[in-house]
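# Observations on chain architecture
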Amino acid sequence: MRKELDEALCKKYPKIFRDRNGNMRDTAMCWGFECRDGWYNILDKACSLIQGHIDYTRAQRARALRYNRALRRAVRGDVRPLQMHFTFDKYATEPSIYGIQQAAKVLEDIEPQCKRVPEACPQVVATQIKEKFGTLRFYYFGGDDYCHGVESMAESMSAVTCEVCSSPGKLRNGGWIRTLCDEHAKESGYEDFGLTHG
């Protein structure tokens, strides 16, 4: 992958590609993105979905923990933190009318319930990005089932996307198996591989 695209991905997703310039004993990301430019958009969108999911699960966990702390304080008599929890303006210094009303509703229950605290998704850290058997491979640690699903979808999309120009392509055979559009297959002397990826 071209240097500017490599740098763009690392700048956009510093948590996922934190080991981009790491030691070769620890990560294969030290070799960079071992694929062609045509798969840049697939990688960009996959990383966007993965990092967005991770950030969302962490925000949900933090919100549930704040709510539970505020609820426990409210039950002991200090209602203001619960009122502020329902005041969605993060710069507010006083509870909103809505915040006061919502806190009152919660405390009207005979036994106010704490929220279930969801697990935060572990941060995905890429260990290697490469082409193998004509498709994209994204090796990493961390994540959850959602992240694995996104990674699998990205791999599937690479099998129908030209690795040179991002046009629709298919697996071709010409010594190495590659995914190419008709134009780049003709230029490179590749033939239709005769199977579909799926």
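Everything in this summary refers to the structure shown in the same document. Every chain is numbered independently, its residues counted from 1 as its sequence is written. Predicted model: local features are reported for residues with pLDDT of at least 70 only, side-chain atom pairs are reported and counted for 80 or more only, and whole-chain, interface and lining totals are derived from all residues. Note that water and hydrogens are dropped before the side-chain values are worked out from all heavy atoms of the structure.

## Points about the nonpolar core
Rule in force here: In these notes, a set of buried Ala, Val, Leu, Ile, Met, Phe, Trp, Tyr and Cys residues joined through side-chain atoms within 4.5 Å is what counts as a nonpolar core. Remark: exposure states derive from per-residue accessible area (1.4 Å probe, protein chains only) relative to the maximum for the residue type, with buried under 20%, exposed over 50%, and partly exposed in between. Helix and strand assignments come from DSSP, with helices taken as H or I runs of at least 4 residues and strands as E runs of at least 2, each series counted from the N terminus. Residues count as neighbours in contact if any of their non-hydrogen atoms are within 4.5 Å of one another.
Judged by nonpolar contacts, the single largest core of 26 residues is most densely connected at Ile16, Phe17, Phe33, Leu43, Ile129 and Leu136. Mapped onto this core, the elements with two or more residues apiece are helix H1 (3–12), helix H2 (40–75), strand S2 (125–132), strand S3 (135–141) and helix H5 (145–158). Among the elements that line this core, the one with the most residues is H2, at 7 residues. Those residues in contact with Leu136 that sit more than four places away from it in its chain are Cys35, Trp39, Ile42, Leu43, Ile129, Lys130, Ala154, Glu155 and Ser158. Membership of the second largest hydrophobic core comes to 8 residues, among which are Tyr67, Ala74, Leu82 and Val106.

## Brief notes about unusual backbone geometry
In the Ramachandran plot, Phe133 falls in the positive-phi region, its phi being about 50° despite a non-glycine side chain. The class for Phe133 is exposed, based on a relative accessible area of 58%. With phi around 75°, Ser166 is a residue other than glycine that occupies positive phi space. Examined against the element boundaries, Ser166 turns out to sit in the loop between H5 and strand S4 (170–174). Under the relative-accessibility criterion, Ser166 is labelled partly exposed at 32%.

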